[in-house]
Amino acid sequence: MTKRIIVSGSDKLMEFGYPEKTSARQIRLDGAGTLCASAEKIFCACGNVIWQLDSSMLVPTALFAGGPGINRMHIFENSLIALCAEADSVLLMDAASGAPLVVNRAGLYPRDMALDETAGVLAVAGGETGEAVLLSARSLHVLQRLPMPGMVYAVALKAGMVHALCLNDTLDTTLVTVFPGGVRQSLALLGMPGMIRCRKEDILCATEGYIYTVSRDGMRILSYIKSAGRPARMIQLEGDYLILDPLAEAVYALSMPGGCWRLMCSGAKDICDT
């Protein structure tokens, strides 16, 4: 089955089908960067503004004021949530009109944001503050601040647990898992922090040079493979993964099992599926 993939970068927005890599269309969009998408809409941050596009036609339909340094976005109910790294804040806006609703401080140059749609909870990787911040996705009210052992680069939420990738004193990664009761578990990983993704039975943790499969409780490394660069985004497509390396500005396809890598496109800043 062909999956529709959207890629931003090189001042354009591109669409292709995977695994055939059939190119459907592309449009010019100056400064095209962070993406998020629903079945009907695609949002693309370009500098301090956010373009809304029709998902089926890839045509701009609206332009919103955004914020400085948007590096993550999520759609939740009727709202668009943007993480503004250069403003150390989270912005909640109306997804239809772009009207700003609420803004709240979160960290110092926050690096990542995860959404638990069922619980209506956001987790923000607080960056240099060394904390993960939990907020209400509806009001951006701070629910909890979780101190971490170093700069926080990536977060994930699953079944009430908070998982965070932190930079430790040896410039490697510490995976910290906080259970609902407050109990913590730490696990050392090689390489600087990249991204984290929760699956049904385990967790994928990407660092510079490695992709680890970790048990769901964060206690054991189940397996690992060598990685191309330091992944920042990952899309799972049946047995394959599309992985964005922002330093190389490239999207790679990783076939599992076996760990076969191949370059899909270059000049990329973000990827999403619809």
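Above this text you will find the structure in question.
Reading guide: rules and limits
Residues numbered from 1 in each chain as written. Predicted model: local features only at pLDDT ≥ 70, side-chain atom pairs only at ≥ 80, totals over all residues. Heavy atoms only, no water. Pairing = 2+ DSSP bridges. Helix = DSSP H or I, 4+ residues; strand = E, 2+ residues; numbered from the N terminus. Axes fitted to C-alpha atoms, helices over the stretch in contact; angles between N-to-C directions. Contact = heavy atoms within 4.5 Å.

A. Representation of the sheet that holds strand E7 (residues 59-65) within the structure. Taken together, four strands build an open sheet; the order of strands is E4-E5-E6-E7 and the sheet is antiparallel. Taken across any chain shown, the strands that pair with only one partner, and hence form the sheet edges, are strand E4 (32-37) and E7. Going from strand to strand, the sheet's axes swing by 25° on average, the running direction of each strand aside. Direction of pairing for strand E6 (residues 49-54) relative to E7: antiparallel, over a ladder of six bridges. Residue pairing for E7: Leu 53 is matched across the bridge by Pro 60.

B. Focus on the environment of Glu 208. Mapped onto the elements of the fold, Glu 208 is located in the loop between strand E21 (202-207) and strand E22 (210-215). The spatial distance from the C-alpha of Glu 208 to the C-alpha of Met 192 is 5.2 Å, given a sequence separation of 16 residues. Once you skip the residues sitting within four places of it in the chain, Glu 208 turns out to touch Gly 191, Met 192, Gly 229 and Arg 230.

C. Summary view of the pairing of strand E23 (residues 221-226). When E22 meets E23, the two strands line up antiparallel, connected through five bridges. Residue pairing for E23: Tyr 212 is matched across the bridge by Tyr 224. Between the antiparallel neighbours E22 and E23 lie five residues, among them Gly 218 with a positive phi of about 75°.

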